[in-house]
Amino acid sequence: MIKETNAPEETFAFGKMLGEQAKPGEVICLNGDLGVGKTVFTKGFAEGLGITEPVNSPTFTIVQQYDSGRMPLYHFDVYRIGDISEMDEVGYEDCFYGEGVTLIEWSNMIGEILPDHVKTVTIEKNLKKGFDYRKITVEEK
Ligand code: ADP
Ligand code: MG
């Protein structure tokens, strides 16, 4: 599935739609360069799950958990991960294989521990189509 957006609100709305459809145990890998809109997408996704707390990229930890929606959301941002053992320390298996939904920004940095079946959301810019243009590709793997 491919969705093209031309404003942050549209990426938010697309994330929200996927959040509304999310099922327990889903793991979504969010890929794309810095500033492309991964966190904007995540905020929309969280709203689609019914989460009312403010959602921001986890800064001091690699994962932030939100419990106010219809199922838990585990939001990982592993951009600053030093060693894969940090994933064990935060108990990633309970997230990936639990009853909540997991969103992972920069998932390519932890490729070796990703489950076999994940959904991949890739966000890309194309400056020829304008500064706010984004192409969002959703793939099941
Ligand atoms: P990331 O988490 O990928 O590093 P952010 O979501 O934090 O990126 O930031 C994306 C930035 O791009 C925001 O400042 C947002 O306003 C801007 N932006 C412009 N157009 C879009 C768009 N179509 N979709 C998402 N974000 C957009
Ligand atoms: Mg981010």
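Residues numbered from 1 in each chain as written. Chains lettered and ligands numbered in written order. Predicted model: local features only at pLDDT ≥ 70, side-chain atom pairs only at ≥ 80, totals over all residues. Heavy atoms only, no water.

In sheet architecture, strand pairing relies on hydrogen bonds along the backbone and comes in two forms, parallel and antiparallel. Strands sit in the order E1-E7-E6-E2-E5-E4-E3 across an open sheet of seven strands; the sheet is mixed. Every interior strand has two partners, whereas the edge strands, strand E1 (2–5) and strand E3 (63–66), have only one. Averaged over all pairs of adjacent strands, the angle between strand axes in this sheet comes to 15°, irrespective of strand direction. Of the pairings in the sheet, the one linking E3 to strand E4 (residues 73–77) comprises four bridges and is antiparallel in character. When the bridges of E4 are listed, Gln65 appears paired with Tyr74. In this fold helix H1 (residues 8–21) packs onto E1 and strand E7 (134–140), with an angle of close to 15° to the strand it touches most, E7. (Pairing = 2+ DSSP bridges. Helix = DSSP H or I, 4+ residues; strand = E, 2+ residues; numbered from the N terminus. Axes fitted to C-alpha atoms, helices over the stretch in contact; angles between N-to-C directions. Contact = heavy atoms within 4.5 Å.)

It is characteristic of soluble globular proteins that their nonpolar side chains tend to be buried jointly. Counting residues in hydrophobic clusters, the biggest one holds 21 residues, and the most contacted among them are Phe41, Phe45, Leu49, Leu73 and Val121. For this core, the secondary-structure elements that each account for two or more residues are H1, strand E2 (27–31), helix H2 (38–48), strand E5 (101–105), strand E6 (119–125) and E7. Residue contributions to this core peak at three residues, all from H2. Here Phe41 is in contact with Thr11, Phe14, Gly15, Leu18, Leu30, Leu103, Val121 and Ile123, once residues within four sequence places are set aside. Core analysis: the second largest hydrophobic core is formed by 17 residues, Cys29, Tyr74, Met87 and Cys95 among them. (Core = buried A, V, L, I, M, F, W, Y, C linked by side-chain atoms within 4.5 Å. Buried < 20%, exposed > 50% of the residue type's maximum accessible area, 1.4 Å probe, protein only.)

Lining the immediate surroundings of ligand 1 are 16 residues, of which Thr11, Gly35, Lys38, Thr39 and Asp132 lie closest. The contact in question runs from a nitrogen atom of ligand 1 to an N or O atom on the side chain of Thr5, over 3.0 Å. In this structure, an oxygen atom belonging to ligand 1 sits 3.0 Å away from a main-chain N or O atom of Val40. For ligand 1, whose free accessible area comes to 570 Å², the fraction covered by protein is 75%. The set of elements that each furnish at least two residues to the shell around ligand 1 consists of H1 and H2. Ranked by residues supplied to the shell around ligand 1, first place goes to H2 with three residues. A per-class count over the shell around ligand 1 returns five nonpolar, six polar and five charged. (Near = heavy atom within 4 Å. Polar contact = N/O pair within 3.5 Å; in protein donor to acceptor, adjacent residues only side chain to side chain. Areas by Shrake-Rupley, 256 points an atom, 1.4 Å probe, with all protein chains shown as cover. Nonpolar A, V, L, I, M, F, W, Y, C, P; charged D, E, K, R; others polar.)

Octahedral six-donor coordination of a metal ideally yields angles of 90 or 180 degrees, compared with 109.5 degrees for tetrahedral four-donor coordination. Taken together, the protein donors to the magnesium ion (ligand 2) comprise Thr39 (OG1) and Glu105 (OE), at separations of 2.2 to 2.5 Å. Taken together, the residues span a long stretch of sequence, with Thr39 in helix H2 and Glu105 in strand E5 at a distance of 66 residues. (Donors = N, O, S within 2.8 Å, 3.2 Å for Na, K, Ca; no water.)

The next thing to look at is the packing of aromatic side chains. The full count for this structure, using the stated rule, is six aromatic pairs. Through a chain of ring-to-ring contacts, the aromatic side chains of Phe76, Tyr92, Phe96 and Tyr97 assemble into a single cluster. (Phe/Tyr/Trp six-rings, centres within 6.5 Å; stacked < 30°, edge-to-face > 60°.)

Here four bridges tie E2 to E6, and the two strands are oriented parallel to one another. Paired with Ile28 across the strands is Lys119, a residue of E6. Two elements, E6 and E7, share seven bridges in a ladder whose sense is antiparallel. Bridge assignment links Thr120 to a residue of E7, and that residue is Glu139.

Along the polypeptide, Trp106 turns up in the loop between E5 and E6. When the C-alpha positions of Trp106 and Arg80 are compared, they lie 9.4 Å apart, and in sequence the two are 26 residues distant. Setting aside residues up to four positions removed in sequence, Trp106 forms contacts with Leu30, Asn31, Gly32, Asp33, Leu34, Lys38, Asp77, Val78 and Tyr79.

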